[in-house]
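# Structural overview
Spelled out, the chains give:
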Amino acid sequence: MHEVGAAGEAPVVVAAFDFDGTLTRRDTLLPYLRRSLGWPRFLLALLRSSPWLAAYACRLTSNHRAKARLLQASLGGCSVAQIERWSADFVAQYLPRQWQEETLARLRWHQQQGHGCVIVSASPGIYLHGVGEVLRMDAVLCTELELREGTLTGRMTTCNCHGEEKVLRLQAWLAGRGVSAAPVVLHAYGDSRGDVPLLNLADYAHYQGQPWVRPPAEQ
């Protein structure tokens, strides 16, 4: 990404990409857990968190709470070394078959133009930061998990990076780079309702590969 200029200079162009279903063909968290834990432990984690997952499906609890329960049930007690092995394998062996080629081409185009490129995703940083390195992103804004004495607790140290939280995290990142003092042109790419606040913020937005049209009340 080019260095941020002072106010009055050329605009800074930033491209913000959702991950699951946008840069990839489908959700990645459940495949990560299934591949890493193995079927018996994965199914046990689903069983333990099923009341909260069912409540979320019925819109009786938040995405944040349901996801927190699943992460605690599945990853709580895992060592950092174990997570690093699982994540390296997932990024190197599983994800290359899951890329959404059209969106990946858009990412490469933005990078060739010198635009700042950021992943803004609810997926956990335990593997998403590795993705950011592979894709040469300028930043990865995601859901971070708690570590204590070399072990994951399964608890989140940030809010689930979903919905309005995506906007807050991106704005904080821009402010941290001094971009708030310069004009910004934002491109955003998403595929679900959790991306809508980010898409509505953007100057140019794409939803499931098509130009995003804001609802009349938000135009």
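My aim in this report is to walk through the structure given alongside it, one point at a time.

Parameters and conventions
- Residues numbered from 1 in each chain as written.
- Predicted model: local features only at pLDDT ≥ 70, side-chain atom pairs only at ≥ 80, totals over all residues.
- Heavy atoms only, no water.
- Axes fitted to C-alpha atoms, helices over the stretch in contact; angles between N-to-C directions.
- Helix = DSSP H or I, 4+ residues; strand = E, 2+ residues; numbered from the N terminus.
- Parallel < 35°, antiparallel > 145°, perpendicular 65-115°, else oblique.
- Left-handed = near helix turned anticlockwise from the far one by under 90°.
- Contact = heavy atoms within 4.5 Å.
- Nonpolar A, V, L, I, M, F, W, Y, C, P; charged D, E, K, R; others polar.
- Buried < 20%, exposed > 50% of the residue type's maximum accessible area, 1.4 Å probe, protein only.
- Pairing = 2+ DSSP bridges.
- Disulfide = S-S within 2.5 Å.
- 1 Å grid on protein atoms, 1.4 Å probe; cavity = no way out; pocket = protein on both sides within 12 Å on 5 of 7 lines; lining within 4 Å.
- Points joined across faces, edges and corners; volume = space filled by probe spheres on them.
- Salt bridge = Lys/Arg side-chain N within 4 Å of Asp/Glu carboxyl O.

## Points about the packing of helix α1 (residues 29–37) against helix α2 (residues 39–57)
Two elements in contact, α1 and α2, have axes separated by 6 Å at closest approach and are oriented at 130°. Taken together, α1 and α2 sit at an angle that is classed as oblique. As α1 runs across α2, the sense of the crossing is right-handed. For the pair α1 and α2, the contacting residues are Leu30, Leu33, Arg34 and Leu37 in the first and Trp39, Arg41, Phe42 and Leu46 in the second. Considered class by class, the residues forming the contact of α1 with α2 number six nonpolar, no polar and two charged.

## Observations concerning unusual backbone geometry
If you check the backbone angles, Arg59 has positive phi at about 60° while not being a glycine. On the basis of relative accessibility, which here comes to 65%, the residue Arg59 falls in the exposed class. The backbone of Arg136 sits at a positive phi, close to 60°, despite the residue not being glycine. As for its placement among the helices and strands, Arg136 is situated in the loop between α6 (125–135) and β3 (139–143). For Arg136, a relative accessible area of 56% puts it in the exposed group.

## With respect to the sheet that holds strand β2 (residues 116–124)
The six strands lie next to each other as β3-β2-β1-β6-β7-β8, forming an open sheet whose pairing is mixed. Looking at strand neighbours, the two that pair on one side only are β3 and β8 (210–211), the edges of this open sheet. The pairing of strand β1 (residues 12–17) with β2 spans four bridges and is parallel. Bridged to Ala16 within β2 is Val118. Across the face of the sheet, α6 comes into contact with β2 and β3 while running at roughly 160° to β2.

## Quick look at the state of the cysteines
Evaluated as defined, the whole model comprises zero disulfides. The cysteine Cys142 is free of any disulfide, with Cys161 supplying the nearest cysteine sulfur at 7.1 Å. Classification of Cys161 as buried rests on a relative accessible area of 0%.

## Some remarks on the environment of Pro183
Relative to the assigned elements, Pro183 resides in the loop between α7 (164–176) and β6 (184–190). Assessed through its relative accessible area of 36%, Pro183 is described here as partly exposed. Along the chain, Pro183 and Val12 lie 171 residues apart, while their C-alpha atoms are 6.2 Å from each other.

## A few points about the layout of surface pockets
Size it by volume and the largest pocket reaches roughly 540 Å³. Forming the boundary of the largest pocket are 22 residues, of which Asp27, Tyr56, Asn63, Ala122 and His162 lie nearest the centre. Broken down by secondary-structure element, the contributors of at least two residues to the lining of the largest pocket are α1, α2, α3 (63–75) and β2. Residue contributions to the lining of the largest pocket peak at four residues, all from α3. Here the lining of the largest pocket is built from residues that sort into seven nonpolar, seven polar and eight charged.

## Focus on the pairing of β3
Both faces of the sheet carry side chains from a regular strand, because those side chains alternate between them. Among the five residues that make up β3, five are buried, leaving the element largely enclosed by the rest of the structure. Judged from the four bridges that link them, β2 and β3 form a sheet pairing that is parallel. Each bridged residue has a counterpart across the sheet, and for Val118 the counterpart in β3 is Ala139.

## Brief notes about the pattern of salt bridges
Side-chain pairing between opposite charges can occur once the charged atoms of the two side chains come close. Using the criterion set out here, one finds five salt bridges in the structure. Between Glu146 and Arg155 there is a salt bridge; the shortest N-O distance is 3.2 Å. For Glu146, a relative accessible area of 17% gives the class buried. According to the relative accessible area criterion, Arg155 is partly exposed, its value standing at 36%.

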